[in-house]
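# Per-entry structural report
Chain residues, written in single-letter form:
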Amino acid sequence: MLHVVILLACAVAIYLSCEWFVNAVEWLGVRLKVGPLAVGTLLAAFGTALPESVVTFVAVVFGSGEAQKDIGVGAAMGGPLALATVAYGVTGFMMLTTRRKLQAAARTAAPVGGGSGAATEDTTVGTPGDDLGDTGKLARDQRWFLAIFVVKVALGLVAFAFKPWLGLLFFAAYAVYFWRELRDGGEHGDGADLEPLLLQRRRETPATWAVVTQSVVTLVIIFFASQLFVHQLDAIGPMIGLPAAVTALLLSPIATELPEIMNAVIWVRQGKTPLALANISGAMMIQATVPSGLGILFTPWRFDGALLLSGVVTMAAMVFLLAMLRTGRFNARTLTLAAGFYAVFGLCLIPILA
C-alpha cells in the first residue's frame, strides 16, 4: 500500500507541477520573444524532456555495467513510442471530453423553445479544443521525426567501426530543427491573453525573476517526482506478477513521458490544443535525437527483439498519423486511436519476452 500511495502522490505532484510549469513557460516565451508554437515545440518540450535525457546521459556515459547502458538504450526507444501513441491518444481523448462538456453546458444553458435546436447545433463545432493549429507544420515535423527515427532503428541492426561517430549527426539534426522552430514559431505575443503568473497572481505582467523561478522549481519537482514514480512502478510490477522486463518496456516509458502527457491534458482543457500537439511533436524530436545520439556514441546500440518491436510500432503509429494528416482526417477520434498502437505493442511483447 505504501508504494501505491507514493505512486498516486507522485502523479498528483507531477500534474500540479505541470499546471504551474505550463503557466510559467508561456510567460517565458513572452520574455524570450518566442512565437507561440515554439513555446510548445522548444521551451515546453525541452523542459519536460530534459529529465529523461539526463537519466539516459547518466546511464550510457557513467553506467558501469551492461545492464545500466541497456536502460539508457531502452529509454531512448521507449520515450518516442509512448509519445507517438499514448500522448497523442490522451490528447485526442481530452479533445473529445472537452467537446462533450462544452456541448452539455451549452444544451443546459439553451433556452426552451423553438430556438433550442439551433443553439444546440451550433455547439457541435468550433469548440476551443477542436482547433488543431497549423496541421501542415505538424505534418512536416512528424515527417522529419520519422526520417530520423528510421535511421535510428536501422543503426540498431548493423555494426561497423565508425558507427559511434554517427551519434554526432543526431545532435546536428536537432540543432537544425531548433533553429528552424525559432524562425518559424510565429509572431510572439505581449502576454495580454495569458493567465496571470501563479507565483504573482495580482500582477498583470510578472517579473522576469518570478517567471524563471516558477519554471525552474516546477521542473525540479517534475524531475524528482517522475523518477520516484518510475521506482514505485519497478517495485509494484513484481508484486502484481509482472516480469521486470515488462515493467521496464511497457510501464516505465509511460512514467517518464508523464510530464508531456500532463501538459497535453492541461493545454487541451484550456482550449490550447495547438500548444499540446506542439509540445508532443517537439518532445518527440528531442527523444529521437539527443538520447539516441548519446546511446550511439557510448553503447554498441544493438537491438534485441523487444527494442526492434518498439521501433516498428512507433513507425507504424507515425505512418498512421501522417496518413490522417494527409487525408484531412486528423481529428480527436483518429488521435485517440493512436493509443491502440501501444496496446498492440504490449500484446506483441508477451511472446517475445516469453
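The next subject is the overall build of the protein chain. If you tally the helices and strands in the protein chain, you get 13 helices and zero strands. Reading the protein chain from its N end, one meets helices and strands in the order α-α-α-α-α-α-α-α-α-α-α-α-α. In the protein chain, the share of contacts with a sequence separation of at least 24, taken over all contacts with a separation of at least 6, comes to 84%. When the accessible area of the protein chain is evaluated, it comes to approximately 16,200 Å², of which 70% is carbon and sulfur surface.

A separate point is the nonpolar core. Residues Y88, M284, W301, L321, F330 and F345 are the most contacted members of the largest nonpolar core, which totals 97 residues. What Y88 contacts, discounting residues up to four positions off in sequence, is L83, L138, Q142, L277, I280, S281, M284, L321, L335 and A338.

Closest axis-to-axis distance for the helix α1 (residues 2-31)/helix α7 (residues 208-239) pair is 7 Å, and the angle between their directions is 155°. Considering the angle they form, α1 stands roughly antiparallel to α7. Relative to α7, the crossing made by α1 is left-handed. Within the contact of α1 with α7, the residues separate by chemical class into 25 nonpolar, nine polar and one charged.

By the definition in use, this model includes nine aromatic pairs. Arranged with centres 4.8 Å apart and planes meeting at 55°, the rings of F160 and F162 form a pair that is tilted. A relative accessible area of 31% means that F160 is categorised as partly exposed. Consider the rings of Y342 and F345, whose centres lie 5.9 Å apart with planes at 45°: the pair is tilted. With a gap of three residues between them, Y342 and F345 both fall in helix α13 (residues 339-353), about one helical turn apart. Judged by its relative accessible area of 10%, Y342 is buried. Owing to a relative accessible area of 1%, F345 belongs among the buried residues under this scheme. An aromatic cluster is defined as three or more aromatic residues linked by ring pairs; in this entry it consists of W144, Y174, Y177 and F178.

Criteria and cut-off values
- Residues numbered from 1 in each chain as written.
- Predicted model: local features only at pLDDT ≥ 70, side-chain atom pairs only at ≥ 80, totals over all residues.
- Heavy atoms only, no water.
- Helix = DSSP H or I, 4+ residues; strand = E, 2+ residues; numbered from the N terminus.
- Contact = heavy atoms within 4.5 Å.
- Areas by Shrake-Rupley, 256 points an atom, 1.4 Å probe, with all protein chains shown as cover.
- Core = buried A, V, L, I, M, F, W, Y, C linked by side-chain atoms within 4.5 Å.
- Buried < 20%, exposed > 50% of the residue type's maximum accessible area, 1.4 Å probe, protein only.
- Axes fitted to C-alpha atoms, helices over the stretch in contact; angles between N-to-C directions.
- Parallel < 35°, antiparallel > 145°, perpendicular 65-115°, else oblique.
- Left-handed = near helix turned anticlockwise from the far one by under 90°.
- Nonpolar A, V, L, I, M, F, W, Y, C, P; charged D, E, K, R; others polar.
- Phe/Tyr/Trp six-rings, centres within 6.5 Å; stacked < 30°, edge-to-face > 60°.

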